[in-house]
Amino acid sequence: MEKGLCKPQGEEPWRVLEFYSGIGGMRYSLERGGVNVKIVEAFDINNIANDVYEHNFGHRPYQGNIQSLTAADLDRYRAHAWLLSPPCQPYTRQGLQKHSGDARALSFLKILELMKHTLHPPLMLFVENVVGFETSDTHEQMIEILSKTGFVTQEFILSPVQFGVPYSRPRYFCLVMKVAGMSLNSGLMQGLFAKRKPALFQKQHFNNQLLSTLSPLFGHENDTLTDEHDQSEIWDKLLQSCEPVERFLEFKNAMNPLETNSSYLDTLTVTTDASGELDNHERDRSDGNSWDRFSVPLSLMERWGSAMDIVYPNSKRCCCFTKSYYRYVKGTGSLLATGQSRNDKAASLEEQCLRYFTPREVANLHSFPKDFHFPQHVNLRQRYALLGNSLSIAVVAPLLTYLFTQPSEL
């Protein structure tokens, strides 16, 4: 990475607004990326997510409706950068794909519209969403607004697998930079530029492109995943270079998970019924053997076994965990084989002793730091849901480092 202004000496920190802050994945990514920032405010409407954010960072995000914000409200923060991870449901394959017609897309479009009317608009934006957003009409509107208001973009589709994490979670990312010398209103940028030089991407020849390569981040100009003829071969190599799943488990012994120093299991006792949904009556109980709550019941294996994605401690990949993990089986995330026959793929499901990944393990695969914790009152279903709505820090951290690091010649 070129030396630049990611951690500038003699300059004040970048002032950042964090929209849809969730449980703090974006903020943890800034910390991991070594970006010198000050979070001037975070915004999220989910009170449980805000509990988790406050528990870990000591600050409670603004919990009002983002759509109620005005340009004057945003101007007061005088932020250099806006980080946004808007709701993904309008663009998911499982959803109705209503795109901008979905009410959950309105707040994001409102923020983009407000930017045109602010006296102190951001120099940079960072947008994260599911794959599919890049083909939506919301994306079209976003690019149109950004282009008309003097911004350039570099767009990516990247997965944790490309960063050595055995976790298949491809996501869309849009890095946005204000073109130097352009403004939305007369004298608009004077306040922000007074202590900051104009921002530029380090690799400007990637401007206004959609990439699936790490080249801009690490300077390997020939490292690309966009050549269709070798996509499969490159992806196989990436998987082989990943750490095994067992490196992300919280237990010393995957076969005997009770051999652990973690007191985490003592706070969780949630069961599932045979339909694959949480039993409402049992959901928040706090008695019984907590480890049993992560074991997959035989009745569930018999009914849904063909739909289960099963991985092993030595596996080099697992599927994306969604907010419905533990509620449903199909398409919500992988299950871990922990029995004596866990490496024998021909063994019966019962012999493989399947269990759910714990929330701590899901957090590990999202690359959350060890000191990340949930408040005790957040139940198991809520933990999975919040993690399923979060992001991969292993992916976002280098993207944010790249966004905030300016060419050294500036």
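Values in this document were obtained by computation on a predicted structure and should not be read as measured data.

Reading guide: rules and limits
- Residues numbered from 1 in each chain as written.
- Predicted model: local features only at pLDDT ≥ 70, side-chain atom pairs only at ≥ 80, totals over all residues.
- Heavy atoms only, no water.
- Buried < 20%, exposed > 50% of the residue type's maximum accessible area, 1.4 Å probe, protein only.
- Helix = DSSP H or I, 4+ residues; strand = E, 2+ residues; numbered from the N terminus.
- Contact = heavy atoms within 4.5 Å.
- Pairing = 2+ DSSP bridges.
- Right-handed = clockwise from strand over helix to strand, strands pointing away.
- Polar contact = N/O pair within 3.5 Å; in protein donor to acceptor, adjacent residues only side chain to side chain.
- Axes fitted to C-alpha atoms, helices over the stretch in contact; angles between N-to-C directions.
- Parallel < 35°, antiparallel > 145°, perpendicular 65-115°, else oblique.
- Nonpolar A, V, L, I, M, F, W, Y, C, P; charged D, E, K, R; others polar.

Let us look at helix α1 (residues 25-32). Among the 8 residues of α1, 6 are classified as buried, and the element is accordingly described as predominantly covered. For α1, every residue scored as buried is listed here: G25, M26, R27, Y28, S29 and L30. Here the buried face of α1 lies against β1 (14-19), β2 (37-43), α2 (47-57), β3 (81-84), β4 (124-130) and α13 (393-404). Taken from the residues just after α1, G34 is the one with a positive phi, measuring 70 degrees.

A few words on the pairing of β1. Every regular strand shows the same layout, with side chains that alternate between the two sheet faces. The element β1 is largely enclosed, with a buried count of 5 among its 6 residues. In this sheet, β2 lies alongside β1 in parallel orientation, the contact comprising 6 bridges. Across the sheet, the residue bridging to R15 is K38, located in β2. Remark: the β1/α1/β2 crossover connection has right-handed handedness. The sheet contact formed by β1 and β3 spans 4 bridges and is parallel. The partner of E18 across the bridge, within β3, is L83.

Before going further, it helps to examine the side chain of N50. You can see N50 is positioned in helix α2. In this structure the side chain of N50 is engaged in a polar contact, spanning 2.9 Å, whose partner is the backbone oxygen of D44. Not counting chain neighbours up to four residues away, the residues in contact with N50 comprise S21, D44, R60, P61 and Q63.

Turning our attention to the pairing of strand β6 (residues 171-178). The buried count for β6 comes to 8 of 8 residues, which makes it a mostly enclosed element. Here β6 shows two buried faces, one formed by R171, F173, L175 and M177 and the other by Y172, C174, V176 and K178. Sheet topology note: the β4/β6 ladder contains 7 bridges and is antiparallel. For V127, the partnering residue across the bridge sits in β6 and is C174.

With that settled, consider the packing of helix α4 (residues 106-115) against helix α5 (residues 137-148). When two helices pack together, you describe them by how their axes are tilted relative to each other and by the distance separating the axes. Axis separation between α4 and α5 bottoms out at 10 Å; the angle between their running directions is 10 degrees. Relative to α5, α4 is oriented roughly parallel. Contacts between α4 and α5 involve F108, L109, L112, E113 and M115 from the former and T138, Q141, M142, I145 and L146 from the latter. Counted by class, the contact of α4 with α5 contains 7 nonpolar, 2 polar and 1 charged residues.

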